[in-house]
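Inside the fold
The lines below spell out each chain.
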Amino acid sequence: KYDNNKTSEDIKDGKSPSGNNNFAVMDPQNTPLKVQANFMSKVNTTLQIGLISLGIAGEIPFVVISPELITSLCWITAGTTITSS
C-alpha cells in the first residue's frame, strides 16, 4: 500500500513507499550524463544521407548517376555502419 504521507526527502533517501530500501533513485540533476557521437558515427551519418540523396536524385529525369557509384557507396556505408557500432 502506498503511503501518501511520504515526503520527497523519503524518496531521495531511497525509501520505498512500503518502507523497504530495495530500490535505487538516480537524480539526473546530480548525475551528469554525457553522450557524444564518435567521428566514425558522424562519417556514417553523412554517407547515409548522401546515399539517400543520390538515390532520390537518380529519379530525376536527365540526372545520370553511375550504378557503380551507388553500389560502391552502399558498401562503404555498410562498412562504416559496422565500424561505428
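Let us look at the structure shown here.

1. Side note on the overall build of the protein
On a plain count of helices and strands, the protein comes out with 3 helices and 0 strands. Counting from the amino terminus, the protein carries its helices and strands in the arrangement α-α-α. When burial is assessed residue by residue, the protein has 12% of its 85 residues classed as buried. A fraction of 38% describes how many contacts in the protein between residues 6 or more apart in sequence connect residues 24 or more apart.

2. Quick notes on the side chain of Asn44
Tracing the sequence through the fold places Asn44 in helix α2 (residues 39-57). For Asn44, the side chain forms a polar contact with the side chain of Ser84, separated by 3.2 Å. Excluding residues within four positions of it along the chain, Asn44 makes contact with Thr77, Thr80, Thr81 and Ser84.

3. Details of the packing of α2 against helix α3 (residues 67-84)
Where α2 meets α3, the axes come as close as 9 Å, and the angle between the chain directions of the two elements is 155°. Compared by their axis directions, α2 and α3 come out roughly antiparallel. Note on packing geometry: the crossing formed by α2 with α3 is left-handed. Across from Met40, Ser41, Val43, Asn44, Leu47, Gln48, Gly50, Leu51, Leu54 and Gly55 in α2, the residues of α3 making contact are Leu69, Ile70, Leu73, Cys74, Ile76, Thr77, Thr80, Thr81, Thr83 and Ser84. Looking at the contact of α2 with α3 residue by residue, the class counts come to 10 nonpolar, 10 polar and no charged.

Scoring rules and cut-offs
- Residues numbered from 1 in each chain as written.
- Predicted model: local features only at pLDDT ≥ 70, side-chain atom pairs only at ≥ 80, totals over all residues.
- Heavy atoms only, no water.
- Helix = DSSP H or I, 4+ residues; strand = E, 2+ residues; numbered from the N terminus.
- Buried < 20%, exposed > 50% of the residue type's maximum accessible area, 1.4 Å probe, protein only.
- Contact = heavy atoms within 4.5 Å.
- Polar contact = N/O pair within 3.5 Å; in protein donor to acceptor, adjacent residues only side chain to side chain.
- Axes fitted to C-alpha atoms, helices over the stretch in contact; angles between N-to-C directions.
- Parallel < 35°, antiparallel > 145°, perpendicular 65-115°, else oblique.
- Left-handed = near helix turned anticlockwise from the far one by under 90°.
- Nonpolar A, V, L, I, M, F, W, Y, C, P; charged D, E, K, R; others polar.

By themselves, these observations are geometric and do not establish any function.
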